[in-house]
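Geometric and topological summary
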Amino acid sequence: MLRRNQKVELISRAPLFANLGKRDLEHVAQLADEIDLREGKEMTRQGEPGREFFVLLEGEADVVKDGRRVNQLSGGDFFGEIALVSDTPRTATVTATTPVRALVITDRSFRRLLKEQPEISSKVLAALAARLAPEVL
C-alpha cells in the first residue's frame, strides 16, 4: 500500500491538478484506490464513456487509437483525467500488457469532492481551460 504522500506525488503530475496545493492534492489522494489488474484487462475502450482516472504504479499498458498502437504506458504514467470532469467518450483503448497495479479515482467520487470543496473545483476548471485553450485557437 502506498502512503498518502506517495499518492499525492503521483496524482500531482496530472496537468488537471496543476493548480492544486498540497492540502487540495491530499483531498484528491484520499479518493484514490489501489487496484490490481490482470494482463489483457481493458482499462478504457475508445468511444465508451470515461468514468475513471488511472495512475499506473507497476506494469505496462498499450494505448490503441483507431486500431493502431500509439503509446505504451508504464509505472508513473497516468490517463483518463478528463473523464473526471467531462462526460466525453474515451479517445483510445488502454489495455494492460502485463499485470498492473494502479491508483484509480472515479468520476463520481471526484465530482462529490468538487461539490464539497468549491475552491478545488475552480482550480481544476482553470487547469482544464488552460489545457484546452491551444486547441480552441
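The structure this text deals with has already been given above.
Anyway, here's the lowdown on the structure attached to this text.

Cut-off values and rules
Residues numbered from 1 in each chain as written. Predicted model: local features only at pLDDT ≥ 70, side-chain atom pairs only at ≥ 80, totals over all residues. Heavy atoms only, no water. Pairing = 2+ DSSP bridges. Helix = DSSP H or I, 4+ residues; strand = E, 2+ residues; numbered from the N terminus. Axes fitted to C-alpha atoms, helices over the stretch in contact; angles between N-to-C directions. Contact = heavy atoms within 4.5 Å. Core = buried A, V, L, I, M, F, W, Y, C linked by side-chain atoms within 4.5 Å. Buried < 20%, exposed > 50% of the residue type's maximum accessible area, 1.4 Å probe, protein only.

We now examine the sheet that holds strand 4 (residues 61-65). Ordered in space as 2-7-4-5, the 4 strands form an open sheet in which the pairing is antiparallel. One side of each edge strand has no neighbouring strand; the edge strands of this open sheet are strand 2 (42-44) and strand 5 (68-73). Across this sheet, the average inter-strand angle for adjacent strands is 30 degrees, counted without regard to direction. Summarising the sheet, strand 4 and strand 7 (residues 93-96) pair through 4 bridges and their orientation is antiparallel. Looking at the pairing, V64 lines up with T93 of strand 7.

Ordered by their spatial adjacency, 4 strands build an open sheet running 1-8-3-6, and the pairing between neighbours is antiparallel. On the outer flanks of this sheet lie strand 1 (33-37) and strand 6 (78-79), each paired with one strand and no other. By the bridge criterion, 6 bridges tie strand 3 (residues 52-58) to strand 8 (residues 100-106) in an arrangement that is antiparallel. Across the sheet, residue L56 finds its bridge partner in strand 8, namely A102. Against the sheet, helix 1 (residues 4-12) touches strand 1, strand 3 and strand 8, its axis set at about 80 degrees to strand 8.

For the rest of this paragraph, the subject is the nonpolar core. Within the largest apolar cluster, 25 residues are counted, with the highest numbers of intra-cluster contacts made by I11, F17, V28, I105 and F110. If you look at the next biggest cluster of nonpolar residues, it comprises 14 residues, including L37, L56, V63 and A96.

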